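Fold and geometry: a report
So you can see what is in the structure, the chains are spelled out below.
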Amino acid sequence: MLLVQQLVNSIMLGSVYVTVAVAFTLTIGILNFLNFTIPTLFMLAGMMGWALSYYGLPFGLSGPMPWPLALAVGVVLAILASLLVERFTFRYLKTRYGDSTEHAIPLVSSLGFLLILENLVRIGYGTEERRFVGPDADLTLNVGGLFIRVPQLISLFVTVLIVIFLTMLIRRTRIGRGLRAIAENPDAANILGVDTKRVVPVVFMLTGLLCGLAGALFAVNYGEVSPLMGEDIGTKAIAGMVIGGLGSIWGAVIGGLIVGVLELMTVHFFGADTVQVVVWGALLLTLIAYPSGLLGHNAIGKGKL
Amino acid sequence: MSGYMSGILAILAINIIFAYGIYLSVATGQLNLGGAGFQAVGAYAAAYLSATYGFPVFLTLLTGLLLSGVFGFAIALPILRTRGVYLVLATFAFAEVIAGALLNSETFGGAMGISVPGYVEWYVPVIIAAFVTLLVFYIMSTRFGLNMRAIHDDEEVSDLMGVPVRKVKVIAFSMGAALAGLSGGLYAHTFTFVEVQGFNAILSIYVLLYVLLGGTQTAWGPLAGATFFTLLPEALRDLLPSTKTFLVSLFGDAENVAPPDESWRFVILGVLTVLMMVFRPEGLITRPMLAHLRLRKPGARAAGGEVLE
């Protein structure tokens, strides 16, 4: 029974990884860009949600906000930050030399943004873990001896909705067709009338939205936020994305769930200390033995942007 | 020489060696985001041999260098088939696995770290750094270095022209890993203590930023990048508080100002990174810039041996 309970918990944990992994895979699949600000956006939504519900706006502009409003503002801030990243990583970047490291430029920029955002949050709110006070009622369902928390169930539901929405957006809409065209060949897409300057920010808005929602749901579910919360989630989401296959949304879903299960099963059988080795070992083995992952395409993430 | 100065010189020397280690792989167009992993291998090899068997410093450094090089070779063979995002992820994963393995191992002290008995003075890393710098400059001037540059600039064309791309990349990556291991060994002996928490993802990010911001086209780049970004935080240590006091004094109340947070230095590094990528993505020091400087000197060879852009 304990094992089944762990399995339920790991699916709930996995759904957080899934949301972040989908954000990663979206930017890699469409723009061939490993966006290192994603964990930071996740952290930003959670930390700002906490800060706004605890302190209110900075400089005493308002009192503490109710927590749903604070989280909503946190998500909006994550989207805005993501658009800011787009401005500086993609908008103005044109290489003058044909170096084979040129695909690294947005990646390096995003590392810069990671340092900036994370340290600004540390300066503002310190490095300690903070308790996020969400809904006060004890919302736990007891289904035949299994304990399921309602906020976790809701967040699982939201995750599934997001993934279905994204798949529809990419397969059925005009914007989605533009995105697929850019993924295949950015220059050709541009020549054939895809307005890259308007379509690329959509990717970043979606990234911000996904990470913001994941961060907000994480804050409600686990009740703790800190400026470091993004690193752990982000690295495990990367592992999930690679296992599922780069650039594939459903691959990220499966990979995120696998990592969630892998993590809690490792904790169950071997203890919490070995989680890092198991998760990253699985990633390294996948990369060496089967680089395209479970559902990935071979061509994505290899060529120049 | 004061302890503060010698400490800075030692860490500067270690950072330069570390940066050259990453540079050798980046100079073939391969981003290595696992620097901390290779440095940890070297540092722990040196620390363990010195603490458990009492090996002399020379031997522990050599072992750390070789062991890290072997790790680099083992990683490079399967992984250098992949490019771009995959390689970044694989090296990143390697560093995480190494850190996780060290953290869980009883032999290597786990989270407690290891005290290292063999202590070296500050001039040892400095001398070795000078030697490594000369070595890398020499490598880049040989035919092998020319191959590396060719692969860096265009891999497909180099392949067509008969450059053994795979071999050059694997050798460069392994040599880089060995240098990173050497820097780790020197770190262990200079600070006489290693703990795995120091070899984290942020360290890998920093050293890659040193190299890329310094410029990957010539061997001057990592030297400039590592020097600049090692000395910048030290310079900011004094400059930031005085700047803050000055800014606050503009609005009156300059008394009882709390000293600025250490994190500001990383914010500045981040801002510099973003600005560099916008305005000068090829790095601080480039081949045309060096050629330009050289032309101004009397007696310089304008054409001939030097290949310009």
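Quick caveat, the model's predicted, so the values are computed rather than measured. (Residues numbered from 1 in each chain as written. Chains lettered and ligands numbered in written order. Predicted model: local features only at pLDDT ≥ 70, side-chain atom pairs only at ≥ 80, totals over all residues.)

**Description of the overall build of chain B**
- When you go through chain B residue by residue, the secondary structure sums to twelve helices and two strands.
- Reading chain B from its N terminus to its C terminus gives the helix and strand order α-α-α-α-β-α-α-α-α-β-α-α-α-α.
- With 309 residues in all, chain B has 49% of them scored as buried.
- Long-range contacts, defined here as pairs at least 24 residues apart, represent 79% of the contacts in chain B between residues at least 6 apart. (Helix = DSSP H or I, 4+ residues; strand = E, 2+ residues; numbered from the N terminus. Buried ≥ 20, exposed ≤ 12 C-beta atoms within 10 Å, placed from the backbone. Contact = placed C-beta atoms within 7 Å.)

**Examining the overall build of chain A**
- Assigned secondary structure in chain A consists of eleven helices and four strands.
- For chain A, the C-alpha radius of gyration of 19 Å lies close to 19 Å, the compact-globule estimate for 305 residues.
- C-alpha atoms of chain A, sized along the principal axes, occupy 55 × 50 × 35 Å.
- A buried classification covers 54% of the 305 residues belonging to chain A.
- Put simply, of all contacts in chain A between residues at least 6 apart along the chain, 77% involve residues at least 24 apart. (Rg over C-alpha atoms; globule rule 2.2 N^0.38 Å.)

**Examining the pairing of strand 3 (residues 146-149) of chain A**
Residues and elements named next belong to chain A.
- In this structure, strand 2 (residues 140-143) lies alongside strand 3, joined through four bridges in antiparallel fashion. Bridge pairing in strand 3 places threonine 140 opposite arginine 149.
- Between strand 2 and strand 3, which pair antiparallel one after the other, the connecting turn spans two residues, and glycine 144 there sits at a positive phi close to 55 degrees. (Pairing = 2+ DSSP bridges.)

**A closer look at the packing of helix 1 (residues 2-31) of chain A against helix 10 (residues 249-270) of chain A**
Residue and element names in this part refer to chain A.
- Direction vectors running N to C along helix 1 and helix 10 enclose 140 degrees, while the axes themselves pass 7 Å from each other. The angle between the axes of helix 1 and helix 10 places the two elements in the oblique class. Note on packing geometry: the crossing formed by helix 1 with helix 10 is right-handed. (Axes fitted to C-alpha atoms, helices over the stretch in contact; angles between N-to-C directions. Parallel < 35°, antiparallel > 145°, perpendicular 65-115°, else oblique. Left-handed = near helix turned anticlockwise from the far one by under 90°.)

**Details of the nonpolar core**
- Core analysis: the largest hydrophobic core is formed by 194 residues, its most contacted members being Val20 of chain A together with Ile17 of chain B.
- Counting residues per element, this core draws most heavily on helix 8 (residues 196-222) of chain A, at 15 residues. (Core = buried A, V, L, I, M, F, W, Y, C linked by C-beta atoms within 7 Å.)

**Thoughts on the interface of chain A and chain B**
- Counting residues at the interface gives 45 residues for chain A and 43 residues for chain B.
- Mapped onto the side of chain A that touches chain B, the elements with two or more residues apiece are helix 4 (105-125), helix 9 (229-244) and helix 11 (275-289) of chain A.
- If one sorts the elements of the side of chain A that touches chain B by residue count, helix 4 of chain A sits on top with 13 residues.
- Here the side of chain A that touches chain B is built from residues that sort into 26 nonpolar, 14 polar and five charged. (Nonpolar A, V, L, I, M, F, W, Y, C, P; charged D, E, K, R; others polar.)

**Some remarks on the confidence of the model for chain B**
Residue and element names in this part refer to chain B.
- Residues of chain B with pLDDT of at least 70 account for 90%, and the chain-wide mean is 84.
- Segment residues 300-309 is flagged for pLDDT under 50; beyond a separation of four residues in sequence, or across chains, it makes eight contacts in the model.
- Per the prediction output, this complex has pTM 0.84; the corresponding ipTM is 0.82. (pLDDT = per-residue confidence, 0-100.)

**As for helix 5 (residues 123-141) of chain B**
Residue and element names in this part refer to chain B.
- Compared with the 27 Å implied by 1.5 Å per residue over 19 residues, the 27 Å span of helix 5 between its first and last C-alpha is a close match.
- Residues Pro125, Ile128, Ala129, Val132 and Val136 constitute the buried set of helix 5. Mapping the buried residues of helix 5 onto a view down its axis gives an arc of 105 degrees, with all of them on the same face. Of the exposed residues in helix 5, those oriented more than 90 degrees away from the buried face are Ile127, Ala130, Phe131, Leu134, Tyr138 and Ser141. (Expected span 1.5 Å × (residues − 1). Arc of directions from axis to C-beta.)

**Quick look at the confidence of the model for chain A**
Residues and elements named next belong to chain A.
- Looking at chain A, the pLDDT average stands at 82 and 90% of residues meet or exceed 70.
- By mean pLDDT, strand 2 is the weakest element of chain A at 74, and helix 2 (residues 38-54) is the strongest at 89.
- Taken as a whole, residues 301-305 scores under 50 in pLDDT and shows 18 contacts with residues more than four places along the chain or in a different chain.

**Regarding the packing of helix 2 (residues 35-53) of chain B against helix 3 (residues 57-79) of chain B**
Residue and element names in this part refer to chain B.
- Look at helix 2 against helix 3: their axes get within 8 Å of each other, and the N-to-C directions meet at 145 degrees. Here the hand of the crossing between helix 2 and helix 3 comes out right-handed. Contact residues: Phe38, Val41, Gly42, Ala43, Ala45, Ala46, Leu49 and Ser50 in helix 2; Thr60, Leu61, Thr63, Gly64, Leu65, Leu67, Ser68, Phe71 and Gly72 in helix 3.
- Taken together, the residues of the contact of helix 2 with helix 3 break down into ten nonpolar, seven polar and no charged.

**Considering helix 10 of chain A**
- In this model, helix 10 of chain A (22 residues) spans 31 Å end to end at C-alpha, consistent with the 32 Å of a helix rising 1.5 Å per residue.
- One or two steps after helix 10 of chain A, the chain reaches glycine 271 of chain A, where phi turns positive at roughly 100 degrees.

**Section: the environment of proline 66 of chain A**
Residues and elements named next belong to chain A.
- Assignment of secondary structure puts proline 66 in the loop between helix 2 and helix 3 (67-91).
- For proline 66, a count of 10 C-beta atoms within 10 Å puts it in the exposed group.
- Expressed as a C-alpha distance, the spacing of proline 66 and glycine 49, which sit 17 residues apart in the sequence, is 9.8 Å.

**Notes on the environment of leucine 3 of chain A**
All names here are of chain A.
- Locating leucine 3 in the fold gives a position in helix 1.
- Here leucine 3 falls in the exposed class, since 11 other C-beta atoms lie within 10 Å of it.
- Spatially, the C-alpha atoms of leucine 3 and arginine 198 are 48 Å apart, while their sequence positions differ by 195 residues.

**Structural notes on the environment of valine 168 of chain B**
All names here are of chain B.
- Note that valine 168 resides in helix 8 (residues 165-191).
- Between the alpha carbons of valine 168 and arginine 287 there is a distance of 21 Å; along the sequence they are 119 residues apart.
- When sequence neighbours within four positions are dropped, the list of residues in contact with valine 168 reads Thr28, Phe144, Asn147, Met148, Ile151 and Val163.

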